[in-house]
Amino acid sequence: MRRWAVAAALLLLAGCTTGPSLETRGRVTASPGDSRQLTIGSAGFTEGDLLSQMYALLLNRAGYRTSLIVVADRELYEPALESGQIDVVPEYAATFADWLNARAHGPDAPPVGSPDLDTTMRALRRLAAPRGLTVLAPGRAVVQNAFAVSAAYARAHRLRTLSDLGRSGLKVRLAAGDECVRRPYCAPGLRSVYGIDVVGVDPKGVGTTQAKRAVQNGQDQMVLTTTTDAMLGTFGLVLLEDDRHLQNADAVVPVVNRSRAGGPRVARALDALGSVLTTRDLASLNEQVDSWRRLPQDVARTYLRDKGLLK
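What you are looking at is a predicted structure, and each value in this text was computed from that prediction instead of being measured. Counting restarts for each chain: residues are numbered from 1 in the order of the written sequence. For this predicted model, a pLDDT threshold of at least 70 governs which residues receive local features, and a threshold of 80 or more governs which side-chain atom pairs are given and counted, while totals over whole chains, interfaces and linings are taken from all residues. The basis for every side-chain value is the complete set of non-hydrogen atoms in the structure, without hydrogens or water.

### Here we look at the overall build of the protein chain
No. 1: To qualify as a helix, a DSSP run of H or I must reach at least 4 residues; to qualify as a strand, a run of E must reach at least 2; elements of each kind are numbered from the N terminus. The helix and strand tally for the protein chain stands at 13 helices and twelve strands.
No. 2: Only the C-alpha atoms count toward the radius of gyration. The rule for a globule is 2.2 Å times the residue count to the power 0.38. Scaling as 2.2 N^0.38, a compact globule of 311 residues should have a C-alpha radius of gyration of about 19 Å, and the protein chain matches this with 19 Å.
No. 3: Its C-alpha atoms put the protein chain at 55 × 45 × 35 Å along the principal axes.
No. 4: Long-range pairs, those at least 24 residues apart, make up 77% of the contacts in the protein chain between residues at least 6 apart in sequence.
No. 5: Here, Shrake-Rupley sampling with a 1.4 Å probe gives the accessible areas, and only protein chains in the shown set may cover a residue. Accessible surface computed for the protein chain: about 13,600 Å², of which carbon and sulfur atoms make up 51%.
No. 6: His is not counted, nor are the chain ends, whereas Lys and Arg count as positive and Asp and Glu as negative. Where a charge lies is defined by one atom per residue type, namely NZ (Lys), CZ (Arg), CG (Asp) and CD (Glu). Considering the protein chain, the positive charge centre built from 38 side chains and the negative charge centre built from 31 side chains are found 5 Å apart. Any two residues whose heavy atoms approach within 4.5 Å are treated as being in contact.

Here you go:
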């Protein structure tokens, strides 16, 4: 495997096409393919790196040659997935369904993600197919977005839930990804569901070290992370409970370019991981990388061996 630098990835993707044309998006235009060389995308955070590494190892065992590429922004890697410059990415079912829905029908389109996984998967596959994408079976691991503040901030303002923060009237600058400005389960949802006064989004990524430090030092008041984030305590951060259930439960799901990686061998290789990897497992793997400072590829390989998926 080889791993490309982020800068090189962004240069590569700058010239990407955007998949099927408007005239052909109503139907699937490519037969399932089975390329021997597959490029696996990672969104550049710990969990994405771990999943991508495990995908690569399992696909290598199944006889494929793989390379890994880091592209931190879904606005870049999804079109690259459509065009075949990336072949496989780990995604989250409800989040990706809503993102594709907004792309197809505009940012004000009603969300299609749901706490019900079957409903979400039907919507996701319906949206993905016209773009030449195949959504494989969802795994057992389910990850929710979550919001954290510093423990000192929570104590000072008596915050335990996101509702508490909304009632406080505090102005909140949120450390998150660029998408948070538009996504209904991020800044817009915090405003509409909880009445939180989000005055700005600081584009430092989802749960990144930079984002957590910004909250730790008071530059920002809250960070968008996930329920499998194992490093919150290291930065003196605590989660606020999503007491009004803004977030959908997001199952980890592989998404592939149909014409290059839509065949049954890829599905079998990746389904093997989905059937064993649990939410608790994923949180533990994140901790080994973020807290114990182990390399993602080493953690991924050890886990697969322990589960009998790799020799």
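Further notes follow.
### Overview of the side chain of Thr95
No. 1: Take Thr95: it is sitting in helix α4 (residues 93–105).
No. 2: Look at Thr95 and you get buried, because its relative accessible area is 10%.
No. 3: Any pair of N or O atoms that falls within 3.5 Å is considered a polar contact. Within protein, one atom must be able to donate a hydrogen and the other to accept it, and sequence-neighbouring residues count only if both atoms are side-chain atoms. Reaching out from Thr95, the side chain makes a polar contact with the side chain of Asp250 at a distance of 2.4 Å.
No. 4: The contact partners of Thr95, leaving out residues within four places of it in the chain, are Arg74, Asn145, Arg183 and Asp250. Here the term buried applies to any residue with accessible area under 20% of the maximum for its type, exposed to any over 50%, and partly exposed to those in between, with areas from a 1.4 Å probe on protein chains only.

### What about the side chain of Ser114?
No. 1: Mapped onto the secondary structure, Ser114 falls in the loop between α4 and α5 (117–128).
No. 2: From its side chain, Ser114 meets the backbone nitrogen of Asp116 in a polar contact 2.9 Å long.
No. 3: For Ser114, the contacting residues outside a window of four places in its chain are Ala94, Thr119, Thr120 and Asn248.

### Looking at empty space enclosed by the protein
It is the rolling of a water-molecule-sized probe over the atoms that shows where space remains empty.
No. 1: Of the grid points, spaced at 1 Å and generated over the protein atoms alone, those admitting a 1.4 Å probe that cannot get out make up cavities, while open sets with protein on both sides within 12 Å along at least five of seven lines make up pockets; any residue with an atom within 4 Å of a point is treated as lining. Grid points are joined across faces, edges and corners, and a volume is the space filled by probe spheres set on the points. Enumeration according to the criterion identifies two cavities of 30 Å³ or more in this entry.
No. 2: By volume, the largest cavity is sized at about 80 Å³.
No. 3: Lining of the largest cavity is provided by 14 residues; of these, Tyr55, Gly139, Val252, Leu273 and Gly274 occupy positions nearest its centre.
No. 4: A class-by-class count of the residues in the lining of the largest cavity yields eleven nonpolar, two polar and one charged.
No. 5: By volume, the second largest cavity is sized at about 40 Å³.
No. 6: Contributing to the lining of the second largest cavity are Ala94, Thr95, Asn145, Arg183, Tyr185, Gln247, Asn248 and Asp250.
No. 7: Amino acids are sorted into nonpolar (Ala, Val, Leu, Ile, Met, Phe, Trp, Tyr, Cys and Pro), charged (Asp, Glu, Lys and Arg) and polar (every other residue, Gly among them). Here the lining of the second largest cavity is composed, by residue class, of two nonpolar, four polar and two charged.

### Topic: the pairing of strand β12 (residues 250–257)
Looking down a regular strand, the side chains alternate between one sheet face and the other.
No. 1: Within β12, eight of the eight residues are buried, leaving the element largely enclosed by the surrounding structure.
No. 2: Of the strand pairs in this sheet, strand β4 (residues 88–92) and β12 are connected by five bridges, and their pairing is antiparallel. Pairing of Tyr92 across the sheet is with Val252, part of β12.
No. 3: Any two strands with at least two DSSP-identified bridges between them are counted as paired. The pairing of strand β5 (residues 133–135) with β12 spans three bridges and is antiparallel.

### Digging into the environment of Thr120
No. 1: Relative to the elements of secondary structure, Thr120 occurs in helix α5.
No. 2: The sequence separation of Thr120 and Thr95 amounts to 25 residues, and the corresponding C-alpha distance is 9.5 Å.
No. 3: Each residue touching Thr120, except ones within four places of it in the same chain, is listed here: Ala93, Ala94, Ala97, Val112, Gly113 and Ser114.

### Comments concerning the packing of aromatic side chains
No. 1: Stacked, edge-to-face and tilted are the three classes for Phe, Tyr and Trp ring pairs, Trp counted by its six-membered ring, which pair at centre distances within 6.5 Å; planes under 30 degrees apart are stacked, over 60 edge-to-face, the rest tilted. On inspection of all chains with the given rule, the structure shows one aromatic pair.
No. 2: Ring centres of Phe96 and Trp99 lie 6.3 Å apart, and the angle between their planes is 10°; this geometry places the pair in the stacked category. With Phe96 and Trp99 both in helix α4, this residue pair falls three residues apart, about one helical turn.

### With respect to helix α13 (residues 296–306)
Residues that lie three or four places apart on an α-helix share one face, since the helix turns once every 3.6 residues.
No. 1: For α13, the full list of buried residues reads Pro296, Val299, Ala300, Tyr303 and Leu304. Looking down the long axis of α13, one finds its buried residues gathered within 125° of arc, a one-sided arrangement.
No. 2: The inward-facing, buried residues of α13 contact α2 (46–61), α11 (264–274) and α12 (279–290). An arc is given here, and it is the one of the directions from the helix axis to the C-beta atoms.

### Things to note about unusual backbone geometry
No. 1: With a phi close to 55°, Arg158 is a non-glycine residue in the positive phi region.
No. 2: Relative to the helices and strands, Arg158 resides in the loop between α6 (151–157) and α7 (162–168).
No. 3: The exposed category is assigned to Arg158, whose relative accessible area is 76%.
No. 4: Despite not being glycine, His245 shows a phi value in the positive range, around 55°.
No. 5: Inspection of the secondary structure assignment puts His245 in the loop between β11 (237–240) and β12.

### Describing the pairing of strand β10 (residues 222–226)
No. 1: Among the five residues of β10, five are classified as buried, and the element is accordingly described as predominantly covered.
No. 2: In β10, alternate side chains face the same way, and those of Met222, Leu224 and Thr226 on one face and Val223 and Thr225 on the other are all buried.
No. 3: The pairing of strand β7 (residues 145–150) with β10 spans four bridges and is classified as antiparallel. Following the sheet pairing, Asn145 is matched in β10 by Thr226.
No. 4: With two bridges joining them, strand β8 (residues 171–176) and β10 adopt parallel strand pairing. Bridge pairing in β10 places Ala175 opposite Val223.

Bear in mind that shape data such as this cannot, by itself, settle questions of function.
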